[in-house]
Amino acid sequence: MKLKIPYYYHLLLFLVLFIIYCSWDLGINNKKAEHVFSDLYLWVTSSFFLTVFIVYLFNFYTFCDWFLYNRKMLFYFLTIPVSLLLFGGLRYLIQEVIVFHIIGMHNYDVRDLEVGFYIRDNLFFGLPAVILSALCYLFWQSQASHQENQDLLLENKKAEFQMLKAQVSPHFLFNTLNSFYSQLISKEDEIASDILVLSDLLRYVITETDKDEAVLSREIQFIQNYIHLQKKRFEDQLYLDFLVEGDFGNEKVLSSALIHFIENVFKHGKLNNPEEKAVISIKCNQEFLEVSTFNYNAEGENYSSTGIGYENLIKRLDYTYKDRFLLEKTTENNTFKTYLKLPLKK
């Protein structure tokens, strides 16, 4: 998950650093108060800190976000010269052009304003901006990851608790269903077959959904069983196109991610009108899984709020796939569409 650090955190950090720097000059370096609080000192020092701050922000929200976030350390190190050159050019503009225009004095000696020397000298002075932004980014990233892990553990504990509440003697339940199946197999083949589907569906819910990952082929089998039983519930008045394309092997996906979208179609969609069919499509290739749904909204349904289940799913997808997944939802003209694209794990 990308870091969302408020800008005022950075501003507060640099305000503290500015005060510490001035206090250091005043106390440790024994500079006179008249010097520290002079117009020249304040203009030069504040403009230097402003340059460091701008390059710090630029590096934090670009190169750090592009490369440190994805653990591409080599690429990040290759960007450091770019940041240092930016620092040199920006410092020249602020101190030697803008501030000079205001106070009439250069920070550097006029002889030292030669381009080559100025750039070389500022390669050193620009390092604090680059190093500080990287350290702050890594620190806040570690804090965000820790908090994300804690939130995910809490969500898993809640899910486990709900699952335990639902597990009222599962062995008794399965034995009873198997008994019904045995009694009906010779008399009512269709009902017996439906009981077997229900048994498989319940067994999957109890034994598999508490895991972090699920085998894709079993997830799709679960969805097929779920839709099969929904057809019984609608008594042949279910107008839904269910499409499955591609070869499914032992690829793994986030557990229970797909069923969320299927359940929403049945929960909120209009499914009893042949002129307004719903569509559920699952496509798989060697690298990605794509799931899309389309349905007309049932009367009174409002998709402006996606609910806690959707928020929890987003958290789980962010934690598992980072920025490698795509999730879209669209509401228009009384219809609702979703699209999910996930990388497959072998």
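Residues numbered from 1 in each chain as written. Predicted model: local features only at pLDDT ≥ 70, side-chain atom pairs only at ≥ 80, totals over all residues. Heavy atoms only, no water.

Chemist: Can you walk me through the overall build of the chain in this structure?
Modeler: Scanning the chain for helices and strands turns up eleven helices and eight strands. Every one of the 346 residues in the chain was classed for burial, and the buried ones make up 36%. Considering only residue pairs separated by 6 or more positions, the chain has 73% of its internal contacts joining residues 24 or more positions apart. Looking at the chain as shown, the accessible area adds up to about 20700 Å², and 60% of this sits on carbon and sulfur atoms. (Helix = DSSP H or I, 4+ residues; strand = E, 2+ residues; numbered from the N terminus. Buried < 20%, exposed > 50% of the residue type's maximum accessible area, 1.4 Å probe, protein only. Contact = heavy atoms within 4.5 Å. Areas by Shrake-Rupley, 256 points an atom, 1.4 Å probe, with all protein chains shown as cover.)

Chemist: Is there a simple way to explain the nonpolar core in this structure?
Modeler: Here is a general trend for soluble globular proteins: nonpolar side chains tend to be buried in one another's company. Counting residues in hydrophobic clusters, the biggest one holds 37 residues, and the most contacted among them are Leu216, Ile227, Ile262, Phe266, Leu289, Leu317 and Leu340. At the level of secondary structure, the elements contributing two or more residues to this core comprise α8 (189-208), α9 (216-234), β3 (252-254), α10 (257-268), β5 (278-284), β6 (288-297), α11 (307-321) and β8 (335-343). Within the second largest apolar cluster, 28 residues are counted, among which are Phe53, Leu68, Ile80 and Val99. (Core = buried A, V, L, I, M, F, W, Y, C linked by side-chain atoms within 4.5 Å.)

Chemist: Just checking my understanding: could you explain the pattern of salt bridges for this structure?
Modeler: In a structure, side chains of opposite charge can pair up when their charged atoms sit close to one another. Using the criterion set out here, one finds four salt bridges in the structure. A salt bridge links Lys337 to Glu332; the nearest nitrogen and oxygen atoms lie 3.7 Å apart. (Salt bridge = Lys/Arg side-chain N within 4 Å of Asp/Glu carboxyl O.)

Chemist: I keep staring at helix α4 (residues 73-103) and nothing clicks. Help me out?
Modeler: Residues separated by three or four positions in an α-helix point in the same direction, a consequence of the helix having 3.6 residues per turn. An ideal rise of 1.5 Å per residue puts 45 Å on 31 residues; α4 measures up with 42 Å between its terminal C-alpha atoms. The sharpest bend along α4 measures roughly 25° and falls at Thr79, with the proline Pro81 sitting one to four residues further on. At the C-terminal side of α4, Gly104 shows a positive phi close to 75°. (Expected span 1.5 Å × (residues − 1). Bend = angle between axes of the 7 residues up to and from the residue.)

Chemist: Even after reading the chapter, I still don't get unusual backbone geometry, so can you show me in this structure?
Modeler: Negative phi values dominate among residues other than glycine, just as trans dominates among peptide bonds. A positive phi angle, near 65°, is found at Ser256, a position not held by glycine. The topology assignment puts Ser256 in the loop between β3 and α10.

Chemist: Looking at this structure, I do not really get the packing of α9 against α10. What am I missing?
Modeler: A packed helix pair is summarised by two numbers, namely the angle formed by the two axes and the spacing between the axes. Running from N to C, α9 and α10 cross one another at 15°; their axes reach a closest spacing of 10 Å. Between α9 and α10, the interaxial angle falls into the category roughly parallel. Here α9 runs over α10; the crossing is right-handed. Of α10, the residues touching α9 (which contributes Leu216, Glu219, Phe222, Ile223, Tyr226, Ile227, Gln230 and Phe234) are Ala257, Leu258, Ile259, Ile262, Glu263 and Phe266. Across the contact of α9 with α10, the residue classes break down as eleven nonpolar, one polar and two charged. (Axes fitted to C-alpha atoms, helices over the stretch in contact; angles between N-to-C directions. Parallel < 35°, antiparallel > 145°, perpendicular 65-115°, else oblique. Left-handed = near helix turned anticlockwise from the far one by under 90°. Nonpolar A, V, L, I, M, F, W, Y, C, P; charged D, E, K, R; others polar.)

Chemist: What's the story with the packing of aromatic side chains in this structure? I'm lost.
Modeler: Geometry of an aromatic ring pair is reported as the spacing of the ring centres plus the angle between the planes. All chains considered together, the criterion is met by 19 aromatic pairs. With centroids separated by 6.3 Å and ring planes inclined at 85°, the aromatic side chains of Phe48 and Phe125 adopt a geometry described as edge-to-face. You can see Phe48 sitting in helix α3 (residues 39-68) and its partner Phe125 sitting in helix α5 (residues 115-125), a full 77 residues away along the chain. Judged by centre distance (6.2 Å) and plane angle (90°), the ring pair of Trp66 and Phe67 falls under edge-to-face. (Phe/Tyr/Trp six-rings, centres within 6.5 Å; stacked < 30°, edge-to-face > 60°.)

Chemist: In this structure, what is going on with the pairing of β8? I would like to understand it.
Modeler: Residues in a regular strand project their side chains so that they alternate between the two faces of the sheet. Two strands pair when backbone bridges link them, and β6 and β8 are joined in this way by nine bridges, in the antiparallel orientation. Following the sheet pairing, Asn295 is matched in β8 by Phe336. Counting the residues between successive antiparallel strands, the hairpin from strand β7 (residues 326-332) to β8 contains two residues, one of them, Asn333, with a positive phi of roughly 50°. (Pairing = 2+ DSSP bridges.)

Chemist: Teacher, can you tell me more about the confidence of the model for the chain here?
Modeler: Residues shown with low pLDDT carry predicted positions that ought not to be read at fine detail. In the predicted model, the chain carries a mean pLDDT of 78, and the fraction of residues at 70 or more is 78%. Least confident of the elements in the chain is helix α2 (residues 33-36), whose mean pLDDT is 51; most confident is β5, at 93. (pLDDT = per-residue confidence, 0-100.)

Chemist: Just to check I follow, could you spell out the side chain of Asn122 for this structure?
Modeler: Summarising the element assignment, Asn122 is placed in helix α5. Its relative accessible area of 0% is what places Asn122 among the buried residues. At 2.8 Å, the side chain of Asn122 forms a polar contact with the side chain of Arg91. The residues contacting Asn122, other than those within four sequence positions of it, are Phe87, Gly88, Arg91 and Tyr108. (Polar contact = N/O pair within 3.5 Å; in protein donor to acceptor, adjacent residues only side chain to side chain.)

Chemist: Help me understand α10, please; the structure alone is not making it clear to me.
Modeler: The end-to-end C-alpha separation of α10 is 18 Å, in line with the 16 Å expected for twelve residues at 1.5 Å each. The element α10 is extensively covered by neighbouring structure, given that ten of its twelve residues are classed as buried. Within α10, burial applies to Ala257, Leu258, Ile259, His260, Phe261, Ile262, Asn264, Val265, Phe266 and His268.

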